[in-house]
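Single-letter residue listing:
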Amino acid sequence: MKISIKILAVLLLVVTLFACEKEKTDISLERDGTLYEVADQVSFYYPKDFQLNVNNENQKDVRFTKNDEMYIYSTIIDDTDNVLNELPQLYGGQLEEEGAIDVYYYKEVIPSGIECYRFTGTYQASGMKFVQMVYFTEEASYIYSYQAPENVYDEQSGVALQYLESLTVHH
């Protein structure tokens, strides 16, 4: 009798976990996305229903927009003598200086095989949440990010991450 109650409790817990888990939408980058290449150095996918923003004031960024959502790619040339393993902490501090709050980051290997840092946070002034994949080298930082209002971000961040993880740096 005790064993069947334990089994029933475990089954109920498993069913509850699956019912509460957010539905993950898998995408096909080739079918659902568009490949963008930056010279011969960098490539990534962005969603087909996003448009390249040609009215971008900051010519250092490449922006793809749809309503309030945005994918942004930029390369920051590093001409400092900063140590490579200190760059994530310095970059996190830079985000906070620019008004980001709740900034967190951790290292991960993305499908292209490069070791990136995933940064998350919220821009306090606009309320936009963001996630960024950043690949640091001694010469440059390669940043591919997604940002959106909180309600849209919470819905779309799983899909956005799949695009961000398509970042490939050829060197």
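Just above sits the structure.
Just so we're clear, the structure is a prediction, and the values are computed from it rather than from any experiment.

Calculation criteria
Every chain's residues receive numbers from 1 upward, in the order its sequence appears when written. Reporting in this predicted model follows two pLDDT cut-offs: at least 70 for local features of residues, and 80 or more for side-chain atom pairs to be given and counted; totals over whole chains, interfaces and linings ignore these cut-offs and use all residues. Only hydrogens and water are removed before side-chain values are computed, so all heavy atoms of the structure are retained for them. Numbered from the N terminus, helices here are DSSP runs of H or I no shorter than four residues, and strands are runs of E no shorter than two. One less than the residue count of a helix, multiplied by 1.5 Å, gives the span that helix is expected to have. The reported bend at a residue is simply the angle between two axes, fitted to the 7 residues ending at it and to the 7 residues beginning with it. The buried label goes to any residue with under 20% of its type's maximum accessible area, the exposed label to any with over 50%, and the partly exposed label to all in between, with areas taken from a 1.4 Å probe on protein chains only. For two strands to be treated as a pair, DSSP must find at least two bridges joining them. The contact criterion used throughout is that any non-hydrogen atoms of two residues lie within 4.5 Å. Fitting a line to C-alpha atoms yields each axis, with helices limited to the stretch in contact; the angle taken between N-to-C directions then spans 0 to 180 degrees. Within 6.5 Å between ring centres, the rings of Phe, Tyr and Trp (the latter by its six-membered ring) count as paired, and their orientation is classed by plane angle as stacked under 30 degrees, edge-to-face over 60, tilted in between.

K.L.:
Explain helix α4 (residues 150-164) to me, please; I cannot follow it from the model alone.
P.N.:
In an α-helix, one turn spans 3.6 residues, which is why side chains three or four residues apart end up on the same side. A rise of 1.5 Å per residue sets the reference length of α4, with its 15 residues, at 21 Å; its end C-alpha atoms lie only 18 Å apart and thus fall more than 12% short of the reference. Along its length, α4 shows its largest kink, about 60°, at Q156. Turning to α4, its buried residues are Y153, S157, V159, A160, L161, Q162, Y163 and L164.

K.L.:
So what exactly am I meant to see when it comes to the pairing of strand β4 (residues 61-66) here?
P.N.:
One face of the sheet, then the other: side chains in a regular strand alternate in exactly this way. As judged from the 2 bridges shared by strand β3 (residues 51-52) and β4, these two strands associate in the antiparallel manner. Residue pairing in the sheet places Q51 in a bridge with T65 of β4. Examined bridge by bridge, β4 and strand β5 (residues 69-77) share 6 bridges and lie antiparallel to one another. Residue pairing in the sheet places F64 in a bridge with Y71 of β5. What sits between the antiparallel neighbours β4 and β5 is a turn of 2 residues, in which N67 has the positive phi angle 55°.

K.L.:
Would you mind showing me how to read the sheet that holds strand β8 (residues 128-136) here?
P.N.:
The pairing of strands in a sheet comes from backbone hydrogen bonds and takes either a parallel or an antiparallel form. Taken in spatial order, the 7 strands make up an open sheet running β3-β4-β5-β9-β8-β7-β6, and their pairing is antiparallel. Pairing within the sheet leaves two strands with one partner each, and these edge strands are β3 and β6 (100-109). Bridge analysis of strand β7 (residues 115-123) against β8 gives 7 bridges, and the strand direction is antiparallel. Within the sheet, the bridge partner assigned to G121 lies in β8 and is F130. Lying over the sheet, α4 contacts β5, β7, β8 and β9 (140-149), oriented at roughly 145° with respect to β9.

K.L.:
What's the story with the packing of aromatic side chains in this structure? I'm lost.
P.N.:
Each aromatic ring pair is summarised here by two numbers: the centre-to-centre distance and the angle between the ring planes. For the structure on display, the rule yields 19 aromatic pairs. Ring centres of Y71 and Y144 lie 6.0 Å apart, and the angle between their planes is 40°; this geometry places the pair in the tilted category. With Y71 in strand β5 and Y144 in strand β9, the pair connects residues that are 73 residues apart, well separated along the chain. You can call Y71 buried: its relative accessible area is 2%. By relative accessible area, which is 0% here, Y144 ends up buried. Consider the rings of Y146 and Y153, whose centres lie 6.0 Å apart with planes at 25°: the pair is stacked. Of the two residues examined, Y146 and Y153, each falls in the buried class.

K.L.:
How do you make sense of unusual backbone geometry when you look at a structure like this?
P.N.:
Most peptide bonds are trans, and most residues other than glycine sit at a negative phi. At N67, a residue that is not glycine, the phi angle is positive and equals roughly 55°. In this structure, N67 sits in the loop between β4 and β5. Its identity as a non-glycine residue notwithstanding, D102 has a phi of 50°, on the positive side. Position of D102 among the secondary structure elements: in strand β6.

K.L.:
I would appreciate a short explanation of the pairing of β9 in the present structure.
P.N.:
In terms of burial, β9 is a largely internal element, 10 of the 10 residues being buried. Sheet topology note: the β5/β9 ladder contains 8 bridges and is antiparallel. The partner of I77 across the bridge, within β9, is A140. As paired strands, β8 and β9 are joined by 9 bridges and run antiparallel to one another. Looking at β9, one finds that M133 is bridged to Y144.

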